[in-house]
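# An overview of the molecular structure
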Amino acid sequence: MTAFLDLMLEPGFAAFVLFVLFFGLLALGTPISVAIGVSSIVTGLAYFPPDVIYFVAAQKMFSGIDSFTLLAIPFFILAGNIMNKGGIAIRLINLAKLVGGRLPGALAHTNIIANMLFGSISGSSIAAAAAVGGTMGPLQKKENYDPAFSAAVNIASAPTGILIPPSGPLILFSLVSGGTSISALFVGGYIPGILMGLSVMLVAGVIAHRRGYRIERQSDMREAMQIVIGALPSLMMVVVVIGGIVIGAFTATEGAAVAVLYSFGLSLFYRMASWREYAEVLCSSAVMTCAILFLIATSGIMSYVMTVAGIPDIIAETILTFDNPLIVLLIMNISLLVIGFFMDLTPAVLIFTPIFLPIAGEIGMDPVQLGIMMIFNLGVGSMTPPVGSVLFVGCSVANLRIEQVAKPLLPFLAVLVLALMLVSYVPVLTLGLPRLFGLM
């Protein structure tokens, strides 16, 4: 037994035990939060007596969620859910149709632009895939679009909402990375998020042209003005919230509270939701918040155990044996893409940010660029099996099986990986706007 404990104290073996336990519990169907907590405590028993590790685990769980910044996440969740019920999606879809209607495969471009708009307002790729995909799917089917192609377009474009602010994952990265500027992360996400959407539009346009999908009827000036005016109040929320955060009028948490008030006032103005639906929104937001906060709490135990075991150091030393920063970046990207295949975005950010942050520092990579690169990677992972949440929602909305959508999704994934490489190797795409606005 003593020899086994001595072996456990080796960082490499501790990492092996930690991650084998974690993925083994996931394979058995254990909730991810419980899997993180149990695997961390079991590994921690090699370093502390049982009573000490239990006390430390409770302490780390509490301190992990004892953060004013973290309050922004439940507020943004609530704001996004209110918008999803409040009739905002259809107005943004009409605006997207106005913008993308001049291109071949107009409805596909409408789907992409609507996901970019709705995702940027709701801050959720899952909400965008459900709200926009649920509306656009029947319209595209009516125009004889291939349902698998339509679903692939919706799935590939939905994750733009986690890069174009406000973004819950970027707030989470700020917290885990030790206070990276949320304002800089938000502003830095615009160009990569737009690049992500344009990449999907490029592939959709080529496929639509080959298949002869038609251009939409053009709106006259009066109709166009009505559409723009109808969508303007929704778009102004981004200006108010992000603008207020950038100029320092309020913090990200206060901005999230402003977003809730703004979205609630807007939904009352549109009169699209009943009081019963508002109650349902509050309940669903509370459930989502509890799940995320418990996940963050248990991830605090894993981060602590990994630090005590020296796991981040040994991984950093292994990757940094390659002297070329370009190769190190490539290894980081490949690792994050593989992680995204098997792990949802939130736990991946919580677990792997402490591992990759020191590596980024060693190669001179700014934490803001690392955060955007990580979220981009994990956003791509959210549209791939076996645990891709956006993939599951997109297929569910389209009433298709995953295997039916997998092949049409491949060209989009290929182009998104190329866009990811651009974001990784061209820092100005991420850091240009924050520096322009004096945020870094």
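Conventions and cut-offs
- Residues numbered from 1 in each chain as written.
- Predicted model: local features only at pLDDT ≥ 70, side-chain atom pairs only at ≥ 80, totals over all residues.
- Heavy atoms only, no water.
- Helix = DSSP H or I, 4+ residues; strand = E, 2+ residues; numbered from the N terminus.
- Buried < 20%, exposed > 50% of the residue type's maximum accessible area, 1.4 Å probe, protein only.
- Contact = heavy atoms within 4.5 Å.
- Areas by Shrake-Rupley, 256 points an atom, 1.4 Å probe, with all protein chains shown as cover.
- Lys, Arg positive; Asp, Glu negative; His and termini not counted.
- Charge placed at Lys NZ, Arg CZ, Asp CG, Glu CD.
- Arc of directions from axis to C-beta.
- Salt bridge = Lys/Arg side-chain N within 4 Å of Asp/Glu carboxyl O.
- Patch = residues over 30% accessible without salt bridge, like charges linked within 9 Å, V, L, I, M, F, W, Y side chains within 5 Å.
- pLDDT = per-residue confidence, 0-100.
- Phe/Tyr/Trp six-rings, centres within 6.5 Å; stacked < 30°, edge-to-face > 60°.
- Core = buried A, V, L, I, M, F, W, Y, C linked by side-chain atoms within 4.5 Å.
- Axes fitted to C-alpha atoms, helices over the stretch in contact; angles between N-to-C directions.
- Parallel < 35°, antiparallel > 145°, perpendicular 65-115°, else oblique.
- Left-handed = near helix turned anticlockwise from the far one by under 90°.
- Nonpolar A, V, L, I, M, F, W, Y, C, P; charged D, E, K, R; others polar.
- Disulfide = S-S within 2.5 Å.

### Describing the overall build of the protein chain
Of regular secondary structure, the protein chain possesses 22 helices and zero strands. Summarising its shape, the C-alpha atoms of the protein chain cover approximately 80 × 45 × 45 Å along the three principal directions. Counting over 440 residues, the protein chain shows a buried share of 51%. The long-range share in the protein chain, meaning contacts at least 24 apart out of those at least 6 apart in sequence, stands at 80%. Only carbon and sulfur atoms are counted for the fraction: they give 70% of the accessible area of the protein chain, which is about 18,600 Å². When the 17 positive and 19 negative side-chain charges of the protein chain are each reduced to one mean point, those points stand 22 Å apart.

### Digging into helix H20 (residues 389–398)
Those residues of H20 that fall on the buried side of the exposure criterion are Ser389, Val390, Leu391, Gly394 and Cys395. Each element contacted by the buried residues of H20 is listed here: helix H8 (125–142), helix H9 (147–157) and helix H21 (402–425). One or two steps after H20, the chain reaches Asn399, where phi turns positive at roughly 55°.

### Comments concerning helix H22 (residues 428–436)
Considered for burial, the residues of H22 that qualify are Thr430, Leu431 and Pro434. Down the axis of H22, the buried set is contained in an arc of 70°. They therefore lie on one face. For H22, the exposed residues lying more than 90 degrees away from the buried face are Val428 and Leu436. Buried residues along H22 sit in contact with helix H11 (182–188), helix H12 (190–211), helix H19 (367–381) and H21.

### Thoughts on the pattern of salt bridges
Tallied over the entire structure, the rule returns three salt bridges. With a closest N to O distance of 3.9 Å, Glu280 and Arg276 form a salt bridge. Taken together, the residues Glu280 and Arg276, both in helix H15 (residues 275–309) and four residues apart, mark about one turn of the helix. Here Arg276 falls in the exposed class, since its relative accessible area comes to 67%. A salt bridge links Arg401 to Glu403, with the nearest nitrogen and oxygen atoms 2.9 Å apart. Glu403 gets classed as exposed once you look at its relative accessible area, which sits at 54%.

### Brief notes about a nonpolar patch on the surface
Together, Phe23, Leu330, Ile334, Val338, Phe341 and Phe342 make up an exposed nonpolar region whose accessible area comes to about 500 Å². Per-element tally for the nonpolar patch: the top contributor is helix H17 (residues 325–342), with five residues. Following the sequence through the fold, Val338 ends up in helix H17. The class for Val338 is partly exposed, based on a relative accessible area of 39%.

### With respect to the confidence of the model for the protein chain
On average, residues of the protein chain carry a pLDDT of 82, and 93% of them reach 70 or more. Within the protein chain, helix H1 (residues 2–8) has the poorest average pLDDT of any element, 49, and H22 the best, 92.

### Looking at the environment of Ile315
Inspection of the secondary structure puts Ile315 in helix H16 (residues 311–319). Residues Ile315 and Ile355, spaced 40 residues apart in sequence, show a C-alpha to C-alpha distance of 7.3 Å.

### What to know about the packing of aromatic side chains
The final tally for this structure, using the stated rule, is eight aromatic pairs. Aromatic pair Trp275 and Tyr278: ring centres 5.3 Å apart, planes at 55°, arrangement tilted. Note that Trp275 and Tyr278 are positioned in helix H15 at a spacing of three residues, about one turn of the helix. Among the residues examined, Trp275 registers a relative accessible area of 62% and is labelled exposed. Overall, Tyr278 belongs to the buried group, its relative accessible area being 9%.

### Focus: the side chain of Ser174
Take Ser174: it is sitting in helix H10 (residues 168–176). On the basis of relative accessible area, Ser174 is assigned to the buried category, the value being 5%.

### Some remarks on the nonpolar core
Among the nonpolar cores identified, the biggest contains 131 residues, and Phe149, Ile351, Phe352, Phe356, Leu370 and Phe412 are the most heavily contacted of them. Here this core gets 10 residues from one element, more than from any other, and that element is helix H18 (residues 345–362). In contact with Phe149, other than residues within four places in its own chain, are Ala108, Ala204, Ile207, Arg211, Tyr213, Pro408 and Phe412.

### Remarks on the packing of H9 against H21
Interhelical geometry of H9 versus H21 gives an angle of 40° and a closest axis separation of 8 Å. Overall, the two elements H9 and H21 adopt an arrangement that is oblique. The interaxial crossing formed by H9 with H21 has right-handed handedness. Residues Ala148, Phe149, Ala151, Ala152, Val153, Ile155 and Ala156 of H9 touch H21, and the partners they reach there are Gln404, Val405, Pro408, Leu409, Phe412 and Leu416. In terms of residue class, the contact of H9 with H21 is built from 12 nonpolar, one polar and no charged.

### Some words on the environment of Ala151
Along the polypeptide, Ala151 turns up in helix H9. Considered as a pair, Ala151 and Gln404 are 253 residues apart in the sequence and their alpha carbons are 9.6 Å apart. Contacts of Ala151, omitting those with residues within four sequence positions, involve Ala398, Leu400 and Val405.

### A few points about the side chain of Ser183
Within the secondary structure, Ser183 sits in helix H11. The buried category is assigned to Ser183, whose relative accessible area is 14%. Sequence-distant contacts of Ser183, defined by excluding residues within four places in its chain, comprise Ile245, Val246 and Leu439.

### Quick word on the state of the cysteines
Going through the model one piece at a time under the given rule, you end up with zero disulfides. Here Cys283 is not cross-linked by a disulfide; its sulfur's nearest cysteine counterpart is in Cys290, at 11 Å. The exposed category is assigned to Cys283, whose relative accessible area is 51%.

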